[in-house]
Amino acid sequence: MSAAKVVAATIRLRVPAGGARPAPPVGPALGQYRLNLMAFCKDFNARTQKYKPETPMAVTITAYKDNTFEFTVKSPSVSWYLKKAAGVESGSSRPGHVTASTLSVRHVFEIAKAKQSDPYLQNMPLESISKSIIGTANSMGIKIVKDLD
């Protein structure tokens, strides 16, 4: 049995789906820990094929002292999903006073199903994830209604 690997660093990046290249921001972040850039790029792009190109994916890379690495890919942020579903560039400048857009509960449920695949949300019920998404929507000035008219 081998000894536990010594962690050199934990790197957090936001990389477009299927768009990892050895250029910045990926190259300098991984290069300083002498990690294999091409191995990461190929592996990341293979894992994110099912998402549309240019979808911002959060990736956490654990770099080890022996120049190996592991990484986990999380689905896009809730705010990104909400902005896409509502068709707005940004949320309201005055949430609670000015409504940027409206979404139905069905949209929230679909976002919750997509987010449930994340490692830290796998054991959470869909209802709890949906409530969290509604809270995020409220703070962005996006109104949630039962059905869109």
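Source: prediction; values computed, not measured.

## Notes on unusual backbone geometry
Move 1: With phi around 55 degrees, R34 is a residue other than glycine that occupies positive phi space.
Move 2: Tracing the backbone through its elements, the reader meets R34 in the loop between α1 (26-31) and α2 (37-47).
Move 3: Note on R34: relative accessible area 67%, which makes it exposed.

## Considering the sheet that holds strand β1 (residues 7-16)
Move 1: Strand order in the open sheet made by the three strands is β1-β2-β3, with antiparallel pairing throughout. Two strands in the sheet have a free side with no partner beyond their single neighbour: β1 and β3 (69-74). Averaged over neighbouring strand pairs, the angle between their axes works out to 20 degrees when direction is ignored.
Move 2: Both β1 and strand β2 (residues 56-64) contribute to a ladder of nine bridges, which runs antiparallel. Within the sheet, the bridge partner assigned to T10 lies in β2 and is T62.

## Re the nonpolar core
Move 1: Ranked by internal contacts, the top residues of the largest apolar core, which has 17 residues, are F40, F44, V59 and I61.
Move 2: Listed by contribution, the elements that provide at least two residues to this core are β1, α1, α2 and β2.
Move 3: A total of four residues in this core trace back to one element, the largest contributor, which is β2.
Move 4: Setting aside residues up to four positions removed in sequence, F40 forms contacts with A20, V26, L30, V59, I61, F69 and F71.

## Some thoughts on the UniProt feature "domain: Large ribosomal subunit protein uL11 N-terminal" (unreviewed entry) in the protein chain
Move 1: The positions UniProt marks with the feature "domain: Large ribosomal subunit protein uL11 N-terminal" (unreviewed entry) are residues 11-69.
Move 2: When the span residues 11-69 is considered, its composition is 29% helix and 27% strand, and the gap between its end C-alpha atoms is 10 Å.

## Overview of the packing of helix α3 (residues 78-86) against helix α5 (residues 126-140)
Move 1: The N-to-C vectors of α3 and α5 enclose an angle of 65 degrees; their axes lie 10 Å apart at closest approach. The pairing of α3 with α5 is recorded here as roughly perpendicular in orientation. Read as a crossing pair, α3 and α5 show a hand that is right-handed. Of the residues in α5, those in contact with V78, S79, L82 and K83 of α3 are I133, T136, A137 and M140.
Move 2: A breakdown of the residues in the contact of α3 with α5 according to their chemical character gives five nonpolar, two polar and one charged.

## So, α2
Since there are 3.6 residues in each turn of an α-helix, residues three or four apart along the chain are aligned in direction.
Move 1: Listing the buried residues of α2 in full gives F40, C41 and F44. The arc enclosing the buried residues of α2, seen along the axis, measures out at 95 degrees, which places them on a common side.
Move 2: On its buried face, α2 sits against β1, α1, β2 and β3.

Basis of the calculations
- Residues numbered from 1 in each chain as written.
- Predicted model: local features only at pLDDT ≥ 70, side-chain atom pairs only at ≥ 80, totals over all residues.
- Heavy atoms only, no water.
- Helix = DSSP H or I, 4+ residues; strand = E, 2+ residues; numbered from the N terminus.
- Buried < 20%, exposed > 50% of the residue type's maximum accessible area, 1.4 Å probe, protein only.
- Pairing = 2+ DSSP bridges.
- Axes fitted to C-alpha atoms, helices over the stretch in contact; angles between N-to-C directions.
- Core = buried A, V, L, I, M, F, W, Y, C linked by side-chain atoms within 4.5 Å.
- Contact = heavy atoms within 4.5 Å.
- UniProt positions renumbered as here; feature names shortened; annotations may be inferred.
- Parallel < 35°, antiparallel > 145°, perpendicular 65-115°, else oblique.
- Left-handed = near helix turned anticlockwise from the far one by under 90°.
- Nonpolar A, V, L, I, M, F, W, Y, C, P; charged D, E, K, R; others polar.
- Arc of directions from axis to C-beta.

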